[in-house]
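Reading the structure
Residues per chain, in single letters:
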Amino acid sequence: MTPTIALERSAPTGKAAPTPADLTITIRDRRFGRNEPAGRWWLNNDPIATAWHNALSATFPRGEAFFIEAVKAHRDGVPPKLEAEIRAFVRQEINHTREHVAFNRAAENAGYDIARIDKRVEEMLALTKDRPVILNLAATMALEHYTAMMAHEFLANPAHFAGAEQEPADMWRWHAIEEIEHKGVAYDTWVHATRNWSRWKRWKVKSLMMVIVTKNFLTHRIEDTLDLLEQDGLIGAKWKWKLVAYLLWKPGVIRRIFPAWLSYFMPGFHPWQHDDRALIAKADSEFPDAVMPR
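The structure presented is a predicted model; accordingly, all values stated were derived computationally and were not measured. (Residues numbered from 1 in each chain as written. Predicted model: local features only at pLDDT ≥ 70, side-chain atom pairs only at ≥ 80, totals over all residues. Heavy atoms only, no water.)

This paragraph deals with the overall build of the chain. When helices and strands are counted, the chain shows ten helices and two strands. Counted from the first residue to the last, the chain has its helices and strands arranged as β-β-α-α-α-α-α-α-α-α-α-α. Expected size for 294 residues packed as a compact globule is a radius of gyration near 19 Å; at 19 Å, the chain falls within 12% of this value. When its C-alpha atoms are laid out on the principal axes, the chain stretches across 55 × 45 × 30 Å. Counting only residues that meet the buried cut, the chain has 52% of its 294 residues in that class. The contacts in the chain between residues at least 6 apart in sequence include a share of 82% that link residues at least 24 apart. Split by element, the accessible area of the chain, about 14,000 Å² in all, is 56% carbon and sulfur. Side chains of the chain carry 39 positive and 37 negative charges; the gap between the two charge centres is 5 Å. (Helix = DSSP H or I, 4+ residues; strand = E, 2+ residues; numbered from the N terminus. Rg over C-alpha atoms; globule rule 2.2 N^0.38 Å. Buried < 20%, exposed > 50% of the residue type's maximum accessible area, 1.4 Å probe, protein only. Contact = heavy atoms within 4.5 Å. Areas by Shrake-Rupley, 256 points an atom, 1.4 Å probe, with all protein chains shown as cover. Lys, Arg positive; Asp, Glu negative; His and termini not counted. Charge placed at Lys NZ, Arg CZ, Asp CG, Glu CD.)

Inspection of the entire model under this criterion finds 22 salt bridges. Taking the shortest distance from any N to any O, the salt bridge between Arg 40 and Asp 232 comes out at 2.6 Å. Highlighted residues: Arg 40 in the loop between β2 (23-26) and α1 (47-72) and Asp 232 in the loop between α7 (199-231) and α8 (237-248), separated in sequence by 192 residues. With a shortest N-O distance of 2.7 Å, Glu 223 and Arg 120 are connected by a salt bridge. (Salt bridge = Lys/Arg side-chain N within 4 Å of Asp/Glu carboxyl O.)

Glancing now at the side chain of Thr 50. Mapping Thr 50 onto the fold places it in helix α1. The class for Thr 50 is buried, based on a relative accessible area of 0%. Once residues lying within four places of it in the same chain are set aside, the contact partners of Thr 50 are Arg 40, Trp 41, Trp 42 and Leu 43.

The next subject is the packing of α1 against helix α3 (residues 115-126). Closest axis-to-axis distance for the α1/α3 pair is 9 Å, and the angle between their directions is 30°. Note on packing geometry: the crossing formed by α1 with α3 is right-handed. Residues Ala 55, Ala 58, Thr 59, Arg 62, Gly 63 and Phe 66 of α1 form the contact with α3, whose participating residues are Ile 117, Asp 118, Val 121, Glu 122 and Leu 125. Its residues placed into classes, the contact of α1 with α3 shows six nonpolar, two polar and three charged. (Axes fitted to C-alpha atoms, helices over the stretch in contact; angles between N-to-C directions. Left-handed = near helix turned anticlockwise from the far one by under 90°. Nonpolar A, V, L, I, M, F, W, Y, C, P; charged D, E, K, R; others polar.)

Attention now moves to the confidence of the model for the chain. Taken residue by residue, the chain gives an average pLDDT of 91. The fraction at 70 or more is 91%. Note that pLDDT drops below 50 for residues 5-16; the model gives that stretch 31 contacts with residues more than four away or on any other chain. Scored below 50 in pLDDT, residues 286-294 shows 14 contacts in the model against residues more than four places distant or in partner chains. (pLDDT = per-residue confidence, 0-100.)

So, about the packing of aromatic side chains. In this structure the tally under the stated criterion is 16 aromatic pairs. Over the ring of Trp 239 we find Lys 242; its NZ or CZ atom is 5.4 Å from the centre of that ring. Here the basic side chain of Arg 277 rests over the ring of Trp 272, its NZ or CZ set 5.9 Å away from the ring centre. (Phe/Tyr/Trp six-rings, centres within 6.5 Å; stacked < 30°, edge-to-face > 60°. Lys NZ or Arg CZ within 6 Å of the ring centre and 35° of its normal.)

Here the focus is the nonpolar core. Most often, soluble globular proteins keep nonpolar side chains buried together rather than apart. Among the nonpolar cores identified, the biggest contains 66 residues, and Trp 42, Tyr 146, Phe 161, Trp 172, Trp 190, Val 253 and Tyr 264 are the most heavily contacted of them. Secondary-structure elements contributing two or more residues to this core are α1, α2 (80-109), α4 (133-156), α5 (166-181), α6 (185-193), α7, α8 and α9 (253-263). Considering every element that reaches this core, the biggest residue donor is α1, with twelve residues. If we ignore the near neighbours within four places in the chain, the residues touching Phe 161 are Trp 42, Leu 43, His 53, Phe 154, Ala 169, Trp 172 and Arg 173. Ile 27, Ala 151, Leu 279 and Ile 280 belong to the second largest nonpolar core, which has 13 residues in total. (Core = buried A, V, L, I, M, F, W, Y, C linked by side-chain atoms within 4.5 Å.)

Below, the discussion takes up α6. Where burial is concerned, most of α6 is hidden: eight out of the nine residues are buried. Turning to α6, its buried residues number three or more, namely Val 185, Ala 186, Tyr 187, Asp 188, Thr 189, Trp 190, Val 191 and His 192. Residues of α6 that are buried in the fold lie against α1, α2, α4 and α7.

Our focus in this paragraph is the packing of α1 against α8. At their nearest, the axes of α1 and α8 sit 10 Å apart, and the two run at 70° to each other. When the axis of α1 is compared with that of α8, the two are roughly perpendicular. Contact with α1, carried on its side by Pro 47, Ile 48, Ala 49, Trp 52 and His 53, involves Trp 239, Lys 242, Leu 243, Tyr 246 and Leu 247 of α8 and no other residues of that element. (Parallel < 35°, antiparallel > 145°, perpendicular 65-115°, else oblique.)

Below you can see the structure in the form of structure tokens.
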């Protein structure tokens, strides 16, 4: 039986929270790829699609540990229901870390040097050690919005994993389901932590951090993807343009998440203003006819 945590609460400000009153966070303790590790080009035999997702996965073990610590640093004094939500968030993220460690090991066994990406993430996170912890929470909030946007897209658009090997595709869908479920945790923790700030200061810091995170996220993930492609001997302008086409045209994950990214800057934004739990119900259904097409 998978543990669930149902959350019904009001926002720390005392106003009605956009987080759904009947939200249930489920800890799905699943393991993937232990018996059948992913092949070298596991995503439809496409080196670009595979490299993009491998590059993303390489950032998750250290990144999700950072998210956990950033949220936990601000949990003192939160309402009981938000405290329970934080606990659920932590448990989900710990499981995600474990599975991406296994996934990254499979990529290494397939011949890729993932260590260079991991080292860059380690160096970037080292820069956060001496800055105010509230900025780490702001960065976490922005990055959690990225994971939620991509999670929505991965579940809503089957083209992203069309032709993929079963186990890695299932792992990414599982991760996407749980990212949608806890997409409001870092944000609600931020609202609590900045409850004495003016609305202007809160919006300014949140927005500036998203701009910084976006620049770093896109720059480094593209560099990491090109690094992995180079390890396959795929270099030059041709492959750079193929990557651009993959991200912006077909299936176009960056293009397709742009409206959701833009909404982050709107006054009064909250991740649950867009309730996409129907995607979870469809992707995670125990009834085969209701499962998302693959």
